[in-house]
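Each chain, letter by letter, is given below.
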Amino acid sequence: MTVNLLDFDLEGLTAYCEQLGEKRFRAVQLFRWIHQKGASRFDEMTDLAKSLREKLPSVCTITGLPVLSRQDSADGTIKWLFDVGDGNAVETVFIPEDDRGTLCVSSQAGCAVGCRFCSTGHQGFSRNLTTGEILAQLWHAEHFLRKHLGTTERVITNVVMMGMGEPLQNYSALVPALRAMLDDHGYGLSRRRLTVSTSGVVPMMDRLAKDCPVALAVSLHAPNDALRDVLVPINRKYPIAELLDACQRYLPAAPRDFITFEYCMLDGVNDQPEHARQLLELVKHHGGRGVPCKFNLIPFNPFPDSGLRCSPRPVVQAFGKILNDGGVVTTIRKTRGDDIDAACGQLAGDVLDRTQAARRRAAAQPIRFVHPAKENQA
């Protein structure tokens, strides 16, 4: 059985080469050819010994993901739909900016967390991606974009693990992929430019701080447990106090001196002035010392059957002003790629819903949201 070399970080590839009787420098050569040059055939690797080039095809491959479709937005955003087998597909999005190029990468086919405002979560969960399937998204996008733009320079400067899935629920495949992205023989990303987004899987946050600390973005979306239990169901297992404790523990190892809190703005649900004031109280005083942070307010991108609406622009701006005036840096995310359903919360693809999330959600009672003052009394 052949192995896919995209499944290895450099340490793993070195161990594999040793099994073949090869020294570490051969692994470094292979790693550079694959990730820096985008090679998929061993006969391209001209600095490898001829005997090794002839041996490798019989024991291993360099196999990316089949591209089912590519869509180009009017604003320059590009979305790929990749086939991961068994009727499953994942989406990857490239977002160009004047000073950077960001790739949004998926970690799972579907998602088991089931956040109320996320179209991926509404599909349910099919399976975890392998390390090779995670890395294949970056591998394909980087080398496609170089050819597309006619450059030999690196195009993707930032990677955010904010695509389909909860990255920290696929930890064993995630960490080798992160290490390959950071490796100077691979993509050479800085830890500040590689971001893992999580809904709050507290034990894995602690492990990531020790194993591979990168920038951390936490999907908060509510200022109290009563509301977050509904919007982000994992909160029932790891409530806000435990999540903020984990954020405080993460910061000493983090490449940045703050945590980014993502906050999806939902009309009449979590966007009232009282919610903003509750957030300030949380992040400035939790545990007696608060959590150094910034907020990223995300306009909700509607999708069928969500039952939710985006907060009006003046409401979002007023909410942000309360946080900024309270001393917490707050930005409003600019929507990108919404004409190709590539904006935040819209990634869907085709997922086999083995958890039957859609059926369970349809059978559930409609959610009644109450005024934040009454939430505090609950």
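It should be noted that the structure appears before, not after, this text.
Residues numbered from 1 in each chain as written. Predicted model: local features only at pLDDT ≥ 70, side-chain atom pairs only at ≥ 80, totals over all residues. Heavy atoms only, no water.

A. Representation of the sheet that holds strand β3 (residues 67-72). Strand order in this open sheet of 10 strands is β3-β4-β5-β6-β9-β10-β11-β12-β13-β14, and the pairing throughout is mixed. Both outer strands of the open sheet, β3 and β14 (330-332), are each paired with one neighbouring strand and no more. Averaged over all pairs of adjacent strands, the angle between their axes in this sheet comes to 20 degrees, without regard to strand direction. Where β3 meets strand β4 (residues 78-85), five bridges bridge the pair, whose relative direction is antiparallel. In the sheet register, Arg70 faces β4, and the bridge partner there is Trp80. Across the sheet, helix α11 (residues 313-325) is in contact with β12 (259-265), β13 (293-299) and β14; its angle to β14 comes to roughly 165 degrees. (Pairing = 2+ DSSP bridges. Helix = DSSP H or I, 4+ residues; strand = E, 2+ residues; numbered from the N terminus. Axes fitted to C-alpha atoms, helices over the stretch in contact; angles between N-to-C directions. Contact = heavy atoms within 4.5 Å.)

B. Representation of the pairing of strand β10 (residues 194-198) within the structure. Most of β10 is tucked away: five of the five residues are buried. Burial along β10 is two-sided: Leu194, Val196 and Thr198 and Thr195 and Ser197, pointing in opposite directions, are all buried. Here strand β9 (residues 158-161) runs beside β10; their pairing, made up of three bridges, is parallel. Following the sheet pairing, Val159 is matched in β10 by Leu194. Tracing the backbone out of β9, into helix α6 (residues 171-182) and back to the parallel element β10 gives a crossover that is right-handed. Looking at chain direction, β10 and strand β11 (residues 215-219) are connected through four bridges and run parallel. (Buried < 20%, exposed > 50% of the residue type's maximum accessible area, 1.4 Å probe, protein only. Right-handed = clockwise from strand over helix to strand, strands pointing away.)

C. Layout of the side chain of Glu22. As for its placement among the helices and strands, Glu22 is situated in the loop between α1 (10-19) and α2 (24-36). Of the residues examined, Glu22 reaches a relative accessible area of 18% and is grouped as buried. Here the side chain of Glu22 touches Lys55 through a polar contact of 3.4 Å, side chain to side chain. Once you skip the residues sitting within four places of it in the chain, Glu22 turns out to touch Cys17, Leu52 and Lys55. (Polar contact = N/O pair within 3.5 Å; in protein donor to acceptor, adjacent residues only side chain to side chain.)

D. Highlighting the packing of helix α7 (residues 202-211) against helix α9 (residues 240-250). At a minimum axis separation of 9 Å, α7 and α9 run at an interaxial angle of 0 degrees. As summarised for this structure, α7 and α9 are arranged roughly parallel, according to the angle between their axes. From α7, Val202, Met205, Asp206, Leu208 and Ala209 reach across to α9, where they touch Glu242, Leu243, Ala246, Cys247, Arg249 and Tyr250. Taken together, the residues of the contact of α7 with α9 break down into eight nonpolar, no polar and three charged. (Parallel < 35°, antiparallel > 145°, perpendicular 65-115°, else oblique. Nonpolar A, V, L, I, M, F, W, Y, C, P; charged D, E, K, R; others polar.)

E. Spatial organisation of the nonpolar core. Ranked by size, the top nonpolar core spans 111 residues in total, and within it Leu5, Met181, Leu208, Phe261 and Phe295 carry the most contacts. Top element by residues in this core is α6. It accounts for nine residues. Here Leu208 is in contact with Leu168, Tyr171, Val175, Leu178, Val196, Pro213, Val214, Leu216 and Tyr250, once residues within four sequence places are set aside. (Core = buried A, V, L, I, M, F, W, Y, C linked by side-chain atoms within 4.5 Å.)

F. Structural detail: unusual backbone geometry. The phi torsion at Asp86 lies on the positive side, around 55 degrees, for a residue other than glycine. Positionally, Asp86 belongs in the loop between β4 and β5 (88-96). Despite not being glycine, His221 has its phi angle at roughly 70 degrees, a positive value. Locating His221 in the fold gives a position in the loop between β11 and α8 (225-231).

G. How the structure looks around the pattern of salt bridges. With the rule as written, the count across this model stands at 13 salt bridges. When the shortest N-O distance is used, the salt bridge between Glu22 and Lys55 registers 3.4 Å. In this pair, Glu22 sits in the loop between α1 and α2 while Lys55 sits in helix α3 (residues 50-55), placing the two residues 33 residues apart along the sequence. The partly exposed category is assigned to Lys55, whose relative accessible area is 30%. (Salt bridge = Lys/Arg side-chain N within 4 Å of Asp/Glu carboxyl O.)

H. Just the packing of α6 against α7, in detail. It is the contact of α6 with α7, at a shortest axis distance of 12 Å, that shows an interaxial angle of 30 degrees. Taken together, α6 and α7 sit at an angle that is classed as roughly parallel. The element α6 and its partner α7 pack so that their crossing is right-handed. Where α6 abuts α7, its residues Tyr171, Val175, Leu178 and Arg179 lie against Met204, Arg207, Leu208 and Asp211. Looking at the contact of α6 with α7, its residues break down into five nonpolar, no polar and three charged. (Left-handed = near helix turned anticlockwise from the far one by under 90°.)

I. Structural context of the pairing of strand β6 (residues 101-104). Of the two faces of β6, the one holding Gly101 and Leu103 and the one holding Thr102 and Cys104 are both buried throughout. For β5 and β6, the ladder comprises four bridges, and the chain directions are antiparallel. When the bridges of β6 are listed, Phe94 appears paired with Leu103. Counted between consecutive antiparallel strands, the loop separating β5 from β6 contains four residues. Judged from the three bridges that link them, β6 and β9 form a sheet pairing that is parallel. Bridging across to β9, Leu103 finds its partner in Val159.

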